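So the chains spell out like this:
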Amino acid sequence: MDSTQESAVHEHRLSLAEVLEMAIADGLVESEAAEALKIERKLHGNKVHPLIVIADQKWRTPSAPAKLLTLDVLTEWLAARCGLDYFHIDPLKIDFTGIGEVMSSAYAGRFGILPVQVTTREVVVATAEPFLREWEGELRQILRKDIRRVMANPEDIGRYLIEFFNLARSVKKASAKGEVTSGLSSFEQLVELGKGNRQYDANDQHIVHIVDWLWQYAFDQRASDIHIEPRRDLGIVRFRIDGVLHQVYQIPMTVMNAMTSRIKLLGRMDVIEKRRPQDGRIKTRTPGGQEVELRLSTLPTAFGEKLVMRIFDPEVLVRDFRSLGFSQDDQARWQQMTALPNGIVLVTGPTGSGKTTTLYTTLKHLATPEVNVCTIEDPIEMVEPAFNQMQVHPAIGLDFADGVRALMRQDPDIIMIGEIRDLATAEMAIQAALTGHLVLSTLHTNDAPAAITRLLDLGVPAYLINSTLLGVMAQRLVRTLCPHCKKSLPISEEERAAWRSLVQPWKAAEPTHLFHAVGCLECRMTGYSGRVGVYEILLNSPEVRRLIRPNLEIPKLRDQSFREGMRPLRISGALKVAQGLTTMEELIKQVPPAEDL
């Protein structure tokens, strides 16, 4: 419908009968079902938006391929029919501080509209009523800006209309309580004459609301980390989702500092101390009632105190190995090592590669009532009642080596050491393994064979590695393709060449089709949703032991491990590419070739 046709339509709200007639005309619904729905809704009244009523029927389009008529699908269809752009409201991309300047919440509620973008030239306003336009002229005259109407999901408008205006009000009122933050928190202090120096109250109700709202949306978006970062004039909030950081908000510096103080207070940290790094933790609940633990870390920077919150999902502890990305062969090799009563099992990889998740999942499966599982960690990442967990405290002289020494007197069966960082810890781990305990730990190396080199570099004698090491697993995390929008295409010549270079010199069946990232609302237009592990498992066999000596040759060790069934990280990843779980681009980005390791 063009603008001339639209102007001829009188002002009115959508009715169910009107929308159903349009849907019948466009072949979206069958007339018999539409008539039955009209009769039913006449009996119950029509207080709900027509699109919501139709979406609740869970109808599919009559013509093949049958498509489910969700609320978003219906809204997008109606927007196109009325000549409007469809707009998906993403709360992480809305500048809520500018919304309150455009109109009042009462005005927005009266017409069921929501400002979603504000620039110097125009205001973009979302509506679910394409034939209500009286507000458009009023706003254009008051704001002296162009008004562009877009159509959005009526449920989203109803929900976010309340949330955004409440949040904008909280930020505005919090900002009105003071102007300048303490100079001690910032390397570069800007002195402004005529302004006060009052600190915000971290328990101010507006600050409480902002922090709660931030956590809610981090949980909703599956964020693994929240970064609150000070800049010269404002604060930046970023979420790490599937391993990638996304900037989501800009907030006034003064509000950001109050938020940081609020979070430090909840984490039982020293709120006044801003000159040195601190750690803390908070346990909270998601809107669905699920307990979530946040690990806090602060860092003094040039413009103030930076805060990172790592979100630990308790669901990790109940996941099985398949959901972590283990193939059948990976799981068999891993369980072959961890089922033994004594020895050392190592997990290696860079920070953020999922080592801790793998260890916790393994311990959860091993922690039966018949065994005593003890851990020494820095810090304790997730609290699990089935384990006896201890945290290192360097300030009082309790390091990993001392912690293992103490655990040895606690009659343990299985010991998990957070990380082997030095010779003293390595020696205690070996001592524990020699005295009949199963020891699991991590190292920061790029692949499995390099872990043995690292132990030799630390000063562990080769004969002790031979007698205690059961095996090593290296791992990486790669983003998985969104199941809602991934697209299969025949493999191109360029992709075929890339595939062959990826899997050389190992043989791997060449796929005829490859899946590609597309992007949809479910994955926030990234094409990816979630992550899965890629694994390389080295078993310390008799042949491998013969190669472990002070002048160890890594290429020979690697070749022997390959002959015994160890799949390199890239081959494990290539199998996931062939299965349609991820892409070659993601694999190449996350997993370097073996010769570069």
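Details of the structure are given in the entry above.
Here's a quick rundown of the structure. (Residues numbered from 1 in each chain as written. Predicted model: local features only at pLDDT ≥ 70, side-chain atom pairs only at ≥ 80, totals over all residues. Heavy atoms only, no water.)

**Describing the overall build of the protein chain**
1) Next: Scanning the protein chain for helices and strands turns up 23 helices and 19 strands.
2) Next: Overall, the C-alpha framework of the protein chain stretches about 90 × 70 × 45 Å when taken along its three principal axes.
3) Next: Expressed as a percentage of the 597 residues in the protein chain, the buried residues total 51%.
4) Next: When the accessible surface of the protein chain is split by element, carbon and sulfur atoms take 51% of a total near 28400 Å².
5) Next: Taking the average location of the 70 positive side-chain charges in the protein chain and that of its 76 negative ones, the two points are 2 Å from each other. (Helix = DSSP H or I, 4+ residues; strand = E, 2+ residues; numbered from the N terminus. Buried < 20%, exposed > 50% of the residue type's maximum accessible area, 1.4 Å probe, protein only. Areas by Shrake-Rupley, 256 points an atom, 1.4 Å probe, with all protein chains shown as cover. Lys, Arg positive; Asp, Glu negative; His and termini not counted. Charge placed at Lys NZ, Arg CZ, Asp CG, Glu CD.)

**Regarding helix α10 (residues 205–220)**
1) Next: Compared with the 22 Å implied by 1.5 Å per residue over 16 residues, the 23 Å span of α10 between its first and last C-alpha is a close match.
2) Next: R222, located one to two residues past α10, shows a positive phi value of around 60°. (Expected span 1.5 Å × (residues − 1).)

**Comments concerning the pattern of salt bridges**
1) Next: What the rule picks out here adds up to 34 salt bridges.
2) Next: Between R524 and D90 there is a salt bridge whose closest N-O contact spans 3.1 Å. Remark: D90 occurs in the loop between β1 (85–86) and α6 (96–102) and R524 occurs in the loop between β18 (513–516) and β19 (528–539); sequence separation between them is 434 residues.
3) Next: The class of R524 is buried, set by a relative accessible area of 15%.
4) Next: The buried category is assigned to D90, whose relative accessible area is 9%.
5) Next: Its salt-bridge partner being R496, residue E493 comes within 2.7 Å of it at the nearest N-O pair. Taken together, the residues span about one helical turn, with E493 and R496 both in helix α19 (residues 493–503) at a distance of three residues.
6) Next: For E493, a relative accessible area of 61% gives the class exposed. (Salt bridge = Lys/Arg side-chain N within 4 Å of Asp/Glu carboxyl O.)

**Quick notes on the nonpolar core**
1) Next: Among the nonpolar cores identified, the biggest contains 64 residues, and I89, I226, F239 and M309 are the most heavily contacted of them.
2) Next: No other element matches α10, which puts nine residues into this core.
3) Next: Contact partners of M309, with chain neighbours within four places excluded, come to L214, W215, S224, D225, I226, I228, I263, L294, R295 and L296.
4) Next: Residues L407, I465, L569 and I571 belong to the second largest nonpolar core, which totals 56 residues. (Core = buried A, V, L, I, M, F, W, Y, C linked by side-chain atoms within 4.5 Å. Contact = heavy atoms within 4.5 Å.)

**Re α19**
1) Next: Taken as a whole, α19 has its buried residues at E495, R496, W499, L502 and V503. Looking down the long axis of α19, one finds its buried residues gathered within 125° of arc, a one-sided arrangement. Exposed residues pointing more than 90 degrees away from the buried face of α19 are listed as E493 and E494.
2) Next: Those residues of α19 hidden inside the fold are in contact with β17 (487–490), β18, α22 (569–578) and α23 (584–590). (Arc of directions from axis to C-beta.)

**Details of unusual backbone geometry**
1) Next: Here D378 and P379 are connected by a cis peptide whose omega angle stands at -5°.
2) Next: For P379, the location among the structural elements is in the loop between β12 (373–377) and β13 (388–391).
3) Next: The phi dihedral of R524 falls on the positive side, at around 55°, and the residue is not glycine.
4) Next: If you check the backbone angles, M525 has positive phi at about 65° while not being a glycine.
5) Next: Its location among the elements puts M525 in the loop between β18 and β19.
6) Next: Its relative accessible area of 51% is what places M525 among the exposed residues.

**A look at the packing of helix α2 (residues 16–25) against helix α5 (residues 71–81)**
1) Next: Running from N to C, α2 and α5 cross one another at 85°; their axes reach a closest spacing of 12 Å. Overall, the two elements α2 and α5 adopt an arrangement that is roughly perpendicular. Residues V19, M22, A23 and A25 of α2 touch α5, and the partners they reach there are W77, L78 and R81.
2) Next: In terms of residue class, the contact of α2 with α5 is built from six nonpolar, no polar and one charged. (Axes fitted to C-alpha atoms, helices over the stretch in contact; angles between N-to-C directions. Parallel < 35°, antiparallel > 145°, perpendicular 65-115°, else oblique. Nonpolar A, V, L, I, M, F, W, Y, C, P; charged D, E, K, R; others polar.)

**A word on the layout of surface pockets**
Over the atoms rolls a probe the size of a water molecule, and in doing so it shows where empty space is left.
1) Next: The space that makes up the second largest pocket amounts to roughly 950 Å³.
2) Next: Along the walls of the second largest pocket sit 29 residues, with H88, C520, L521, E522 and R524 positioned nearest its centre.
3) Next: For the lining of the second largest pocket, the secondary-structure elements that each account for two or more residues are α5, β2 (113–118), α9 (154–175) and α10.
4) Next: For the lining of the second largest pocket, the class distribution of residues is 14 nonpolar, five polar and ten charged. (1 Å grid on protein atoms, 1.4 Å probe; cavity = no way out; pocket = protein on both sides within 12 Å on 5 of 7 lines; lining within 4 Å. Points joined across faces, edges and corners; volume = space filled by probe spheres on them.)

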